[in-house]
Each structure stands twice: as structure tokens, then as C-alpha cells.
Amino acid sequence: MFVLILGAPGSGKGTQGKILTERLGFVKITTGDILRAAVRAATPLGLEAKKYMEAGKLVPDALILDLIKGELAKPAAKDGAVFDGFPRTAAQAELVDRTLGERGQRLSHVLLLDVPEEELVRRMHGRAMQEGRSDDTPAAIKTRLQVYQQDTAPLIAHYAQRGVVHRVPGTGTVEEIAGEIKRIIGR
């Protein structure tokens, strides 16, 4: 089972992805975590990615596609994985579809965490204060939400045609949201 958690920045993808991977015993493929680790380690990829992240823009596909293929090639991803924050664009969705298709697999569920914009902004401001994330500045938040609407939201239609999109109310307690996800995927 391959599951994609889709939602705007601050919608709870990371939190729900962690809960879901622990419950299912799957690997979690999170480009945000992979990229932030590369930034902290000051790798060439990390330094390049940092420029985009601090401006609130998506890191170009060329910088992350090999990371995703590498994660999918690991034995732990043989029977399933949870994608958190990837794919974000139509081009990335095609890569995921093609890569899984080559293995005779496909995305089983796309969970869309639906959160009002004012709540997203409130969450990201709070996260910036707690974690000191450079991609949660007011200017970057505005840009990230615009980029999401422009580039990521169209993925909903891409996957809705396959009948695998499930809207999940992203407000309420973490446990309530996790319970709804469990009900949807049946595990």
C-alpha cells in the first residue's frame, strides 16, 4: 500500500505521516525532512535547496528526484510507503506513477488534509516560533501558500480521476484526524 498525504504547508502532513507510518510499519518518504537534513549538513544539494526553501519556493525536481528513487529502492519500501509532501507537482506525480508502475504498484490512497488558510498561517507562525524554521517567515508563508495553490492543488484532480482521493478534515485533535485516516484506509 502506497499512501500520499497531500495538503498545504502547515496542514499536518508531517504529524499524520509519522502516525500512519508507525501504525502501518511502512517507510516514510518525506522530501522536507531529507532536504532539511541536507541543509543542516551543508551538502551541495542542501546549500542549493536552502536558497529555494528560504524564499518559500519549491525545490526543483532535479534536486530531489534521485532522493525519492533511492528511498523507493530500499527494501523497507518494497510493500509500501507513505509519501509526505511529495509529489507536489504534476511532473513529480508522473515520476511517482512511473516509478511505482515499473514495480507493478501504484498509489492506493491520496489523503488530502483540508485546513482553512487562516489556520494554516496560525500554525506556521507558531511553528516558526517553536522550531525557528527559516521557511516559516511571514513572506515565505505567503509565497508557500501561493505556490501550493498554483502547483500542488492541481494534483487533487490528477488523482481524483483514479478515485483514490479522500478529503480529511485537517482541524480537530491530532487523534481525531488520525482516526479519520484509519477509517478511510481501513488499517
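Located above this text is the structure these notes cover.
Thresholds, definitions, all that
Residues numbered from 1 in each chain as written. Predicted model: local features only at pLDDT ≥ 70, side-chain atom pairs only at ≥ 80, totals over all residues. Heavy atoms only, no water. Helix = DSSP H or I, 4+ residues; strand = E, 2+ residues; numbered from the N terminus. Rg over C-alpha atoms; globule rule 2.2 N^0.38 Å. Buried < 20%, exposed > 50% of the residue type's maximum accessible area, 1.4 Å probe, protein only. Areas by Shrake-Rupley, 256 points an atom, 1.4 Å probe, with all protein chains shown as cover. Lys, Arg positive; Asp, Glu negative; His and termini not counted. Charge placed at Lys NZ, Arg CZ, Asp CG, Glu CD. Expected span 1.5 Å × (residues − 1). Contact = heavy atoms within 4.5 Å. Polar contact = N/O pair within 3.5 Å; in protein donor to acceptor, adjacent residues only side chain to side chain. Salt bridge = Lys/Arg side-chain N within 4 Å of Asp/Glu carboxyl O. Pairing = 2+ DSSP bridges. Axes fitted to C-alpha atoms, helices over the stretch in contact; angles between N-to-C directions.

Examining the overall build of the protein
When its secondary structure is counted, the protein shows nine helices and five strands. For the protein, whose C-alpha radius of gyration is 16 Å, the value lies close to the compact-globule estimate of 16 Å for 187 residues. Overall size of the protein, expressed as C-alpha extent along the three principal axes, is 40 × 40 × 30 Å. The buried share of the protein, reckoned over its 187 residues, is 45%. Element-wise, carbon and sulfur atoms account for 53% of the exposed surface of the protein, whose accessible area totals about 9300 Å². Averaging the positions of the 27 positive and the 23 negative side-chain charges in the protein gives two centres separated by 2 Å.

Notes on helix α1 (residues 13–24)
Here α1 is 12 residues long and its end C-alpha atoms lie 16 Å apart, about the 16 Å a rise of 1.5 Å per residue gives. As for α1, its buried residues are in contact with β1 (2–7), β2 (27–30), β3 (81–84), β4 (107–114) and α9 (174–185). Looking one or two residues past α1, Gly 25 carries a phi angle of roughly 75 degrees, positive in sign.

Some words on the side chain of His 109
Among the structural elements, His 109 can be located in strand β4. The class for His 109 is buried, based on a relative accessible area of 14%. Only 3.1 Å separates the side chain of His 109 from the side chain of His 166, close enough to count as a polar contact. Once residues lying within four places of it in the same chain are set aside, the contact partners of His 109 are Met 1, Phe 2, Val 3, Leu 4, Val 164, His 166, Ile 184 and Ile 185.

Remarks on the pattern of salt bridges
Per the counting criterion, the structure on display carries 10 salt bridges. Via salt bridges that share partners, Glu 119, Arg 122 and Arg 123 belong to a single interconnected network.

Considering the sheet that holds β4
Ordered in space as β2-β3-β1-β4-β5, the five strands form an open sheet in which the pairing is parallel. Two strands close off the open sheet at either side, each with one partner strand: β2 and β5 (165–169). Looking at each pair of strands side by side, their axes are set apart by 20 degrees on average, direction ignored.

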